[in-house]
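Inside the fold
The chain contents come next:
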Amino acid sequence: MLHNSAHLSLPMKQTIYVFLLLILLTACGGDKENEGFTLTVELDVPDQTYLYFRQEEHKKGITVDSVLTEKGKAVYKGVCGELSRIEICTETGQRILSLYVKNGDKIKLKGSVETPYEITFSGPIEQEQIGKFRNDNHTLLQRLTDSDRDFYSHIGDTSYQKETTAYRDSLHAQVIDFALAHSSSYASTILIYDYLLSPETVETSDTLLRRLAPEAKPVSLLAKAELYISDFRKNPEGKMLPYMTFRTPGDSVINTGGFRRRTTLFTVWASYDTPSRQQMQVVRKIREKYSAPYLNVVSVSLDTDEKAWREILHSDTLEGWAHCILKEGWNANQVENLGIQSLPATFVLNGTGRIVAKNIYDEELIDTVDKTVAEVGEDKTFGEKSSSSPKSSSKK
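First, a word on scope: everything that follows refers to the structure included in this document. (Residues numbered from 1 in each chain as written. Predicted model: local features only at pLDDT ≥ 70, side-chain atom pairs only at ≥ 80, totals over all residues. Heavy atoms only, no water.)

**So, the sheet that holds strand S7 (residues 106-111)**
Operational definition: Strands are treated as partners if at least two bridges between them are detected by DSSP. The numbering of helices and of strands both runs from the N terminus, where a helix is a DSSP run of H or I of at least 4 residues and a strand a run of E of at least 2. Note on geometry: axes are lines fitted to C-alpha atoms, helical ones only across the stretch in contact, with angles between N-to-C directions running from 0 to 180 degrees. Here, residues are in contact when the closest pair of their heavy atoms is within 4.5 Å.
Reading across from one edge, S4-S1-S7-S8 is the order of the four strands in this open sheet, with mixed pairing throughout. Looking at the sheet topology across the chains shown, the edges are occupied by strand S4 (73-78) and strand S8 (120-122). Within this sheet the neighbouring strands show an average axis-to-axis angle of 15°, counted without direction. As judged from the three bridges shared by S7 and S8, these two strands associate in the antiparallel manner. Looking at the pairing, Lys110 lines up with Thr120 of S8. Each of S7 and S8 is contacted by helix H2 (residues 125-136), which is oriented at about 170° to S8, the strand it contacts most.

Take a look at the structure:
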């Protein structure tokens with residue numbers, strides 16, 4: 001027998017109302033967090049070719065999936081625990097772009113693989129803000145990409161290097177302006193992390209991140225940014241490097257405790273990293289400028305392939321000073337002790353082994369080494385005749 005609702009007890013009525021509300025919320029998309037994300041990609045790629053989607057989740061690692069295109073269109077669906085980075089590549093290995101997604105996002109990308117910074121983003125407002133930023137600054141972004149790719153055709157071209165620096169400074173200014181104008185959008189955190197955060201801009205990036213509203217700072221990405229910043233600050237100027245040892249391929253041991261009585265230029269790099277190879281050309285120029293009693297040069301590589309590393313040392317003419325290799329790569333304990341979050345990492349040390357400057361590049365690095373050598377002078381105990389001029393030609 002059915003009872004009239006007027007005769008139902010109050011607790012039972014409340015239970016029914018809650019149950020109906022849950023049904024309504026589910027029907028209206030209340031379970032959005034569990035529905036995953038969808039990327040619809042429309043690009044000018046040949047039909048029936050693959051696009052590869054490389055998904056990186058904070059503390060969970062990397063997965064790679066492929067999707068076959070049909071009439072230039074590919075639809076990729078996935079799930080993530082929190083904001084995840086997706087990198088899209090062609091089947092030939094060409095990187096198209098990267099973006100950050102979260103469950104519930106439905107994003108459409110449309111454009112040409114030949115002009116990746118002009119690809120349009122449609123979807124959540126934050127995604128469209130990022131897409132518009134890339135579109136508005138496509139010249140700056142493309143020029144910086146080209147600069148990395150074409151570095152070796154412009155070695156020694158100071159005007160080209162200065163122009164590239166001006167482009168980078170201009171891009172940084174655009175990110176700062178965006179973050180100040182969009183302090184409640186998580187697009188600001190993404191742009192700071194992708195296009196601003198670097199050794200030269202750590203303090204600026206940290207200040208901007210602190211000014212953003214809580215809702216603009218996704219936990220996973222903020223954690224990565226804060227780790228970068230805290231590690232960068234591990235070995236500040238005026239302090240000594242922690243004691244560490246490195247072994248050369250010839251089985252000699254180099255330790256940071258021996259960085260005394262002369263200027264030391266210490267660089268951590270990798271042969272597979274384009275900015276690292278650019279920096280090593282500057283190091284080579286500095287090595288050629290000063291003899292060993294005045295300047296100690298040590299470079300440590302994170303390469304895991306020793307053969308490939310040796311080939312680059314030879315082809316790039318980098319064999320004129322001490323080299324070590326950490327075959328554990330980024331997993332080496334020394335990486336954590338040095339607080340390294342990006343390559344190349346450079347330290348200039350004075351005669352007492354204290355850090356004078358770190359993570360500086362190009363002309364600034366050259367000027368800093370010049371000044372430090374002038375202040376520290378020659379190591380009189382070095383096993384080489386003291387008649388060497390501070391600007392004598394290259395000597396080990």
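**With respect to the packing of H2 against helix H5 (residues 186-196)**
Under the convention used in this document: Any angle between 65 and 115 degrees counts as roughly perpendicular, while under 35 counts as roughly parallel, over 145 as roughly antiparallel, and the rest as oblique. For a crossing to be left-handed, the near helix must be turned anticlockwise from the far one by less than a right angle; the clockwise case is right-handed. When residue character is reported, Ala, Val, Leu, Ile, Met, Phe, Trp, Tyr, Cys and Pro are called nonpolar, Asp, Glu, Lys and Arg charged, and the others, Gly included, polar.
Axis separation between H2 and H5 bottoms out at 8 Å; the angle between their running directions is 40°. Relative to H5, the element H2 is oriented oblique. H5 is crossed by H2, and the crossing has right-handed handedness. Of the residues in H5, those touching H2 at Glu126, Gln127, Gln129, Ile130, Phe133 and Arg134 are Tyr186, Ala187, Ile190, Leu191 and Tyr195. Residues that form the contact of H2 with H5 fall into these classes: seven nonpolar, two polar and two charged.

**Observations regarding empty space enclosed by the protein**
The condition is simple: Think of a 1 Å grid over just the protein atoms. A cavity is a set of points where a 1.4 Å probe fits yet cannot get out, a pocket is an open set with protein on both sides within 12 Å along at least five of seven lines, and lining residues have an atom within 4 Å of a point. Grid points are joined across faces, edges and corners, and a volume is the space filled by probe spheres set on the points.
The full count for this structure, using the stated rule, is two cavities of 30 Å³ or more. Every residue along the wall of the largest cavity is listed here: Pro199, Tyr228, Phe232, Leu338, Gly339, Ile340, Gln341, Ser342, Ala345, Phe347, Lys358 and Asn359. Partitioned by chemical class, the residues of the lining of the largest cavity number seven nonpolar, four polar and one charged. Here the second largest cavity defines a volume of roughly 60 Å³. Lining the second largest cavity we find Ser98, Leu99, Tyr100, Phe121, Gln127, Ile130, Arg134, Ile190, Leu191, Asp194 and Tyr195. Among the elements that make up the lining of the second largest cavity, the one with the highest residue count is H5 (four residues). Per-class residue counts for the lining of the second largest cavity are seven nonpolar, two polar and two charged.

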